[in-house]
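# Secondary and tertiary structure notes
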Amino acid sequence: MFFDKCLFLSDSQKDKLENDVRCICKYANQMFMANELCVALFLSGSLARREPTYKIENNKITLASDLDFVLIYDENINSYKSISEVIKKIKDKFNYYDCSFSLIERGQLMQTTSF
């Protein structure tokens, strides 16, 4: 799905990279749920456009693109600190990938010009 436009990858290479991305997304979702943080989490950037970059070093393929997440939270959540702590855990667990998070308060969403 994320690697459909990567013409020079074999199906097994695509599967490996897909699995990595799905694992990170699943873990992020589980962490927010486990901490009872009601947020909407979106993947944006090159992965969302299905145009990720990858690298092959020593016959090992890895994702070169970062994982750009957009996190929408409710102003009533009153737990920006908790959100930040969960983000830190996600980044620490997957420190071999660059995971970035843009946080947008739900009330500000309509004023966001780049999405």
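Scroll up to find the structure this text is about.
A short tour of the structure in this document, coming up. What you see is a predicted model, and the numbers here were worked out from it, not measured in a lab.

### Here we look at the nonpolar core
Core analysis: the largest hydrophobic core is formed by 27 residues, its most contacted members being Phe3, Phe32, Leu63, Leu67 and Ile90. By residue number, the principal contributor to this core is helix 1 (residues 11–34), which donates 7 residues. Sequence-distant contacts of leucine 63, that is, excluding residues within four places in its chain, are made with Phe3, Leu17, Val21, Leu47, Pro52, Thr53, Tyr54 and Tyr97.

### Here's the deal with helix 1
Under the 1.5 Å per step criterion, the end-to-end length of helix 1 is 34 Å for 24 residues, consistent within 8% with the ideal 34 Å. Within helix 1, burial applies to Lys14, Leu17, Glu18, Asp20, Val21, Ile24, Tyr27, Ala28, Met31 and Phe32. Positive backbone phi, approximately 55°, marks glutamate 36, located one or two places after helix 1.

### A look at the environment of methionine 33
Its location among the elements puts methionine 33 in helix 1. On a C-alpha basis, the gap between methionine 33 and lysine 93 in space is 17 Å, while along the polypeptide they are 60 residues apart.

### So, the pairing of strand 3 (residues 60–63)
Each regular strand shows side chains that alternate between the opposite faces of the sheet. Pairing geometry for strand 2 (residues 54–57) and strand 3, over 4 bridges, is antiparallel. Bridged to isoleucine 56 within strand 3 is isoleucine 61. From the end of strand 2 to the start of strand 3, which pair antiparallel, there are 2 residues, and asparagine 58 there has a positive phi angle of about 55°.

### Comments concerning the sheet that holds strand 4 (residues 67–73)
In space, the 3 strands of this open sheet follow the order 1-4-5, with mixed pairing throughout. Only two strands of the sheet have a single partner each, and these edge strands are strand 1 (39–44) and strand 5 (99–105). Going from strand to strand, the sheet's axes swing by 25° on average, the running direction of each strand aside. Pairing of strand 4 with strand 5 involves 7 bridges; the strand directions are parallel. Its bridge partner lying in strand 5, isoleucine 72 is registered against isoleucine 104.

### Describing the side chain of serine 46
Relative to the assigned elements, serine 46 resides in helix 2 (residues 45–48). A relative accessible area of 11% means that serine 46 is categorised as buried. If near-sequence neighbours (up to four positions away) are discounted, serine 46 is found in contact with Glu51, Pro52, Ser65 and Asp68.

### Here we look at the packing of aromatic side chains
Tallied over the full model, the rule gives 4 aromatic pairs. Taken together, a centroid distance of 6.2 Å and an interplanar angle of 70° make the contact between phenylalanine 94 and tyrosine 96 edge-to-face. With a relative accessible area of 55%, tyrosine 96 lands in the exposed category. Note on tyrosine 96 and tyrosine 97: the rings are 5.0 Å apart at their centroids and 55° apart in plane angle, and the pair reads as tilted. These aromatic residues form a ring-pair network of at least three members: Tyr27, Phe94, Tyr96 and Tyr97.

What counts and what doesn't
- Residues numbered from 1 in each chain as written.
- Predicted model: local features only at pLDDT ≥ 70, side-chain atom pairs only at ≥ 80, totals over all residues.
- Heavy atoms only, no water.
- Core = buried A, V, L, I, M, F, W, Y, C linked by side-chain atoms within 4.5 Å.
- Buried < 20%, exposed > 50% of the residue type's maximum accessible area, 1.4 Å probe, protein only.
- Helix = DSSP H or I, 4+ residues; strand = E, 2+ residues; numbered from the N terminus.
- Contact = heavy atoms within 4.5 Å.
- Expected span 1.5 Å × (residues − 1).
- Pairing = 2+ DSSP bridges.
- Axes fitted to C-alpha atoms, helices over the stretch in contact; angles between N-to-C directions.
- Phe/Tyr/Trp six-rings, centres within 6.5 Å; stacked < 30°, edge-to-face > 60°.

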